[in-house]
Amino acid sequence: MLIGELSRVTGVHAHQLRYYEAQGLLEPRRGGNGYREYGEDAVLTVTQIRRLLAAGLSTQEIAYILPCATGPEPELYACEELLEMLRARMSGLDEHIGTLMQSRRALSDFIAATEERVAV
């Protein structure tokens, strides 16, 4: 299938599909006319990429994970290096959430203090 059809089937814009290709996540063949041609497996790959992106993974991390992925969820083969990378990503997210919560508390304090001044 051509990029337009893959875009329609997956709901992913063509420019994003080209970005996935540039990141090494998709590998289309080139037809005699120079157009990108994707196999049926590209739909599954794009679905996996989208789900892994939704989990907060970078395209570099996804490039590492994709060879270990099966199915649309995707399911990942268990290997220690993969688990270490996923755990490190989770730890980074936890730290980021902690920082966001601190910022939220500080902003809430500013709002409360400002509302008190407005009420006076």
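Presented here is a report on the structure given in the accompanying data block. What you see is a predicted model; the values in this text were computed from it and never measured.

### Re the overall build of the protein chain
(1) Moving on: Looking only at helices and strands, the protein chain has 5 helices and 4 strands in total.
(2) Moving on: Against the 2.2 N^0.38 benchmark of 14 Å for 120 residues, the protein chain shows a C-alpha radius of gyration of 21 Å, more extended than a compact globule.
(3) Moving on: Out of the 120 residues in the protein chain, the part that is buried amounts to 25%.
(4) Moving on: Here the protein chain contributes 12 positive and 17 negative side-chain charges, whose respective centroids are spaced 7 Å apart.

### Quick notes on helix α3 (residues 41-54)
Each full turn of the α-helix corresponds to 3.6 residues, which orients residues three or four apart in the same direction.
(1) Moving on: Between its terminal C-alpha atoms α3 stretches 20 Å, which fits the 20 Å expected from 14 residues at 1.5 Å a residue.
(2) Moving on: Of the residues making up α3, those classed as buried are A42, T45, V46, Q48, I49 and L52. Looking straight down α3, one finds its buried side chains confined to an arc of 160 degrees; they lie on one side.
(3) Moving on: At the exit of α3 stands G56, carrying a positive phi of roughly 90 degrees.

### With respect to the packing of helix α1 (residues 3-10) against helix α2 (residues 14-22)
For any two helices packed against each other, the geometry is given by the interaxial angle and the distance between the axes.
(1) Moving on: One can describe the packing of α1 onto α2 by two numbers: an axis separation of 9 Å at closest approach and a directional angle of 105 degrees. On the basis of their axis angle, the class for α1 and α2 is roughly perpendicular. Contact residues: α1 offers I3, L6 and S7, while α2 offers A14, L17 and R18.

### Describing unusual backbone geometry
(1) Moving on: Look at the link from E73 to P74: it is a cis peptide, with omega at -20 degrees.
(2) Moving on: Locating P74 in the fold gives a position in the loop between β3 (69-70) and β4 (75-76).

### Here's the deal with the packing of α2 against α3
(1) Moving on: It is the contact of α2 with α3, at a shortest axis distance of 12 Å, that shows an interaxial angle of 90 degrees. As far as their axial angle goes, α3 and α2 are roughly perpendicular. Taken together, the residues of α3 that come into contact with α2 (itself represented by Q16, L17 and Y20) are V46, I49, R50 and L53.

### Some points on the side chain of Q48
(1) Moving on: Within the element layout of this structure, Q48 appears in helix α3.
(2) Moving on: Apart from the residues within four sequence positions on either side, Q48 is in contact with L66, A69, T70, G71 and P74.

### Considering the pattern of salt bridges
(1) Moving on: Tallied over the entire structure, the rule returns 4 salt bridges.
(2) Moving on: Of the charged contacts, one joins E21 and R30 as a salt bridge, the two residues approaching to 3.9 Å between their closest N and O atoms.
(3) Moving on: Judged by its relative accessible area of 21%, E21 falls in the partly exposed class.
(4) Moving on: The class for R30 is partly exposed, based on a relative accessible area of 48%.
(5) Moving on: Residue R89 pairs with E61 through a salt bridge whose shortest N-O separation is 3.4 Å. With a gap of 28 residues between them, R89 in helix α5 (residues 80-119) and E61 in helix α4 (residues 59-65) connect regions that are remote in the sequence.
(6) Moving on: The exposure class of R89 is partly exposed, given its relative accessible area of 28%.

Procedures and definitions
- Residues numbered from 1 in each chain as written.
- Predicted model: local features only at pLDDT ≥ 70, side-chain atom pairs only at ≥ 80, totals over all residues.
- Heavy atoms only, no water.
- Helix = DSSP H or I, 4+ residues; strand = E, 2+ residues; numbered from the N terminus.
- Rg over C-alpha atoms; globule rule 2.2 N^0.38 Å.
- Buried < 20%, exposed > 50% of the residue type's maximum accessible area, 1.4 Å probe, protein only.
- Lys, Arg positive; Asp, Glu negative; His and termini not counted.
- Charge placed at Lys NZ, Arg CZ, Asp CG, Glu CD.
- Expected span 1.5 Å × (residues − 1).
- Arc of directions from axis to C-beta.
- Axes fitted to C-alpha atoms, helices over the stretch in contact; angles between N-to-C directions.
- Parallel < 35°, antiparallel > 145°, perpendicular 65-115°, else oblique.
- Contact = heavy atoms within 4.5 Å.
- Salt bridge = Lys/Arg side-chain N within 4 Å of Asp/Glu carboxyl O.

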